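Here are the chains, one letter per residue:
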Amino acid sequence: MDIVTHGMMGSIVAIPFFATYPEASAAFMFGSVAPELDAFSRVLGRRAFLRAHQTYSHAFPVIALIAVVAWGAREAAGVWAPWAPLAFALGMAFHSTLDWTNTYGITLFAPFSKRRFCTEWVFFVDSVVLAACAAALAAIGLSISRGDGPGTIPSAVFAGSMFVYWLIKVGLRRRAWRACPEGTLSLLPSALFPWRFYGCSRQGEEIVIFGGGMTQCGKAL
């Protein structure tokens, strides 16, 4: 997902716990966007960014190490926030899990493996997810404006609806794959239409891009 969607989703999940666990909630929110700090690799050029993006900052072993270091730093500083390091790591893991369901691919097990994993279920910008985030944040804001606090219902409904949506996307992607021509290499989900996927296949010396009523060909590299 893009950093805006990550930020909204992390906030929606954490907000109900803010009154009881403020440090942990804030840590989860920050953790849900922290892996995107690898975007600063852009200053070294496009190739550096493509090599670094969604690698170490998204890898589960690195996230576990960060949690341990954060816990030690908290102890050394004498800060009373026992759940904050774990919440920060959970926020990062939440981010990585969402990106795993996208298309670019992440090195889940770096530095032990450079292999990228992706499921191609959901595009990194998705109209349904953005609409659900906006609705959940609006409901939370309305509840707070009434003096009732954020409550748990908007976040619970959001989490449940997103879980169901991801299951639907799994089924739609499988259906799209079965309908693909032989030699299909990859599928790209549409950002606007949940049921639409774009694919590419290799046919001899050409790469064919298809889907959405269009077909394009180009020489394979």
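These lines cover the structure that appears in this document, whether it is placed above or below.

## Let's talk about the environment of Ile106
Within the secondary structure, Ile106 is located in the loop between helix H5 (84-100) and helix H6 (127-145). For the pair Ile106 and Arg173, spaced 67 residues apart in sequence, the C-alpha to C-alpha distance is 19 Å. Excluding anything up to four places from it in sequence, Ile106 contacts Gln54, His58, Ser96, Asp99, Trp100, Arg115, Arg116 and Phe117.

## Structural notes on the state of the cysteines
If you walk through the whole model with that rule in mind, you get zero disulfides. Summary of cysteine pairing: Cys118 is not part of a disulfide, and the nearest cysteine sulfur, belonging to Cys200, is at 11 Å. The class for Cys118 is partly exposed, based on a relative accessible area of 33%.

## Remarks on a nonpolar patch on the surface
Among the surface-exposed residues, Phe17, Tyr21, Trp83, Leu86 and Leu90 lie close enough to one another that they form a single nonpolar patch of about 540 Å² accessible area. Tracing the sequence through the fold places Trp83 in the loop between helix H4 (60-77) and H5.

## Focus on the pattern of salt bridges
Across all of its chains, the model carries one salt bridge by this definition. Here Arg173 and Glu120 are joined by a salt bridge, their closest N and O atoms 2.4 Å apart. Of this pair, Arg173 sits in helix H7 (residues 153-178) while Glu120 is found in the loop between H5 and H6, placing the two residues 53 residues apart along the sequence. The exposure class assigned to Arg173 is buried, which follows from its relative accessible area of 16%. Residue class for Glu120 comes out buried when judged on its relative accessible area of 9%.

Cut-off values and rules
Residues numbered from 1 in each chain as written. Predicted model: local features only at pLDDT ≥ 70, side-chain atom pairs only at ≥ 80, totals over all residues. Heavy atoms only, no water. Helix = DSSP H or I, 4+ residues; strand = E, 2+ residues; numbered from the N terminus. Contact = heavy atoms within 4.5 Å. Disulfide = S-S within 2.5 Å. Buried < 20%, exposed > 50% of the residue type's maximum accessible area, 1.4 Å probe, protein only. Patch = residues over 30% accessible without salt bridge, like charges linked within 9 Å, V, L, I, M, F, W, Y side chains within 5 Å. Areas by Shrake-Rupley, 256 points an atom, 1.4 Å probe, with all protein chains shown as cover. Salt bridge = Lys/Arg side-chain N within 4 Å of Asp/Glu carboxyl O.

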